[in-house]
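Close look at the chain arrangement
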Amino acid sequence: MDQIHITGGTPLTGTIPIAGAKNACLTLMPATLLTDQPLTLTNAPRLSDIRTMTQLLGSLGAEVSALNEGRVLALSSHDIDTLRADYDIVRKMRASILVLGPMLARFGQAEVSLPGGCAIGARPVDLHLRALEAMGATLDLRDGYVHATAPAGGLRGAVVEFPFVSVGATENALMAATLAVGTTVLKNAAREPEIVDLAQCLRKMGARIEGEGTPTITIEGVTALGGATHPVVTDRIELGTYMLAPAITGGSVELLGGRLDLVAAFAEKLDAAGVSVEETPTGLRVSRKNGRVRAVDVVTEPFPGFPTDLQAQMMALLCTAEGTSVLEERIFENRFMHAPELIRMGARIDVHGGTATVTGVPRLKGAPVMATDLRASVSLILAGLAAEGETVVSRVYHLDRGYERVEEKLGNCGAKIERVRAA
Ligand code: UD1
């Protein structure tokens with residue numbers, strides 16, 4: 001298995017281009033199932049999770065062609081062969097459940113295996129299922145599969161009030177509602193930029209949607225959707241991750257395509273820690289001049305709060321801050337698996353339930369460490385950039401799910417980082 005080797009201690013300078021959002025692309029791709037017309041996505045990221053979704057859609061009979069070296073995805077669900085999403089593919093990625101709503105809405109039927117995904121908590125899909133049931137679907141959970149059937153005449157518009165915010169359940173319900181008969185109101189909906197991006201794409205396809213980006217989304221069902229071409233929104237998690245690189249090593253890096261509105265709560269914390277974030281004509285510039293960063297407290301929340309997907313990376317920064325920081329994880333249980341690995345690098349971290357207390361040390365020390373999930377793996381890379389000596393990160397297949405050419409992007413800014421390929 002590949003490893004990433006890093007020799008820490010070099011301040012970073014240069015530019016890093018930010019790709020299209022993995023999580024937006026993973027919800028835009030299943031939207032192809034809503035129409036028999038072509039859907040073209042530009043600014044697509046080149047990641048193994050995108051290849052998994054390509055494989056899943058292909059297994060249903062959809063055509064997905066990667067053009068322009070994978071930057072453009074041309075999708076067509078003109079001819080669908082089966083309405084069954086198989087366990088062998090679904091288990092690789094939790095976002096696979098996003099094919100359920102679109103298939104059910106267009107074909108009146110779907111069978112989808114219950115998903116797996118990152119090992120960061122139980123992560124059930126009950127909210128997805130309840131929303132579809134509210135639209136009249138009959139659901140039967142058998143043999144690890146959800147067997148879903150729409151009423152004769154199709155899904156019906158409904159008022160769906162989510163008991164708490166779920167990104168995936170909002171996306172599934174939103175896609176299903178575009179083809180339902182009548183009006184659907186999603187209350188306590190997720191407000192993430194990926195939801196806004198999905199709504200904008202669906203609208204180009206002919207959907208009638210209002211209120212995306214607010215807690216209440218209203219959808220008037222239409223009888224059919226058409227094709228569209230849509231650019232995938234910037235990846236705010238990749239953006240935030242690379243904003244942390246100069247914050248942790250010192251130096252100054254411009255993140256090309258970066259937008260402050262995508263990472264406002266996160267940027268406020270960087271500012272409080274003493275890291276400068278400035279808007280430039282082409283993106284965001286992050287600089288840290290002299291001395292250590294200051295401790296800050298972080299609570300993860302749905303958008304527009306501090307994202308759970310940046311918690312592990314932020315912890316890496318706070319490991320070398322002056323003072324004690326408290327990080328509270330409110331979205332997922334069991335999302336501190338990076339803490340024991342950071343401790344192996346000399347960090348002082350106490351985890352109690354959903355709270356981690358981090359007392360900064362002047363310098364981390366390089367060590368062999370192991371990636372446990374996608375965001376944890378990149379937090380170890382960030383820690384390695386700042387540490388004294390060599391850090392070797394194993395199990396980097398987690399990293400490849402969500403970060404494109406990480407060693408090249410950081411290497412171009414002066415980081416001593418290389419991928420050692422398994423023989
Ligand atoms: C998405 C993102 C993921 C991010 C997360 C929270 C994608 C592909 N993934 O995941 O990177 O960390 O949002 O920002 O976009 N829950 C239930 N029942 C449900 C659905 C969710 O209990 O039916 C719980 C989850 O276990 C979790 C919380 O709700 O504790 C939020 O999960 P959700 O927002 O649904 O995350 P995902 O859409 O899976």
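The model shown is predicted, which means the values in this text are computed figures rather than measured ones. (Residues numbered from 1 in each chain as written. Predicted model: local features only at pLDDT ≥ 70, side-chain atom pairs only at ≥ 80, totals over all residues. Heavy atoms only, no water.)

A closer look at the pairing of strand E4 (residues 63-67)
Taken together, the five bridges between E4 and strand E5 (residues 72-76) define a ladder with antiparallel strand orientation. Bridge pairing in E5 links Val-64 to Leu-75. Hairpin connection between E4 and E5: a loop of four residues separates the two successive antiparallel strands, and Asn-68 in this loop has a positive phi of roughly 50°. (Pairing = 2+ DSSP bridges. Helix = DSSP H or I, 4+ residues; strand = E, 2+ residues; numbered from the N terminus.)

Considering the side chain of Thr-320
For Thr-320, the position within the fold is in the loop between helix H10 (311-318) and strand E19 (324-328). For Thr-320, a relative accessible area of 11% gives the class buried. Setting aside residues up to four positions removed in sequence, Thr-320 forms contacts with Arg-292, Gly-360, Val-361, Pro-362 and Leu-364. (Buried < 20%, exposed > 50% of the residue type's maximum accessible area, 1.4 Å probe, protein only. Contact = heavy atoms within 4.5 Å.)

Quick word on the sheet that holds strand E10 (residues 159-161)
Read from one edge of the open sheet, four strands run E10-E11-E13-E12, paired in mixed fashion. Each edge of the open sheet carries a strand with a single partner, namely E10 and strand E12 (208-210). Averaged over all pairs of adjacent strands, the angle between their axes in this sheet comes to 15°, without regard to strand direction. Relative to strand E13 (residues 216-220), E12 runs antiparallel, the two sharing three bridges. Opposite Glu-210, over in E13, you have Thr-218 as the bridge partner. (Axes fitted to C-alpha atoms, helices over the stretch in contact; angles between N-to-C directions.)

Some details on H10
Across the eight residues that make up H10, a large majority, eight, are buried. Gln-311, Ala-312, Gln-313, Met-314, Met-315, Ala-316, Leu-317 and Leu-318 are the residues of H10 that are buried.

A closer look at the pairing of strand E3 (residues 39-42)
Side-chain direction in a regular strand flips from residue to residue, so the side chains alternate between the two faces of the sheet. What you see with E3 is a clean split: Leu-39 and Leu-41 sit on the buried side and Thr-40 and Thr-42 on the side with no burial. The pairing of E3 with E5 spans three bridges and is classified as antiparallel. Bridge assignment links Thr-40 to a residue of E5, and that residue is Ala-74. Pairing of E3 with strand E14 (residues 228-231) involves four bridges; the strand directions are parallel. Bridge pairing in E14 places Leu-39 opposite Ala-228.

In short, shape yes, function no, at least from these values alone.
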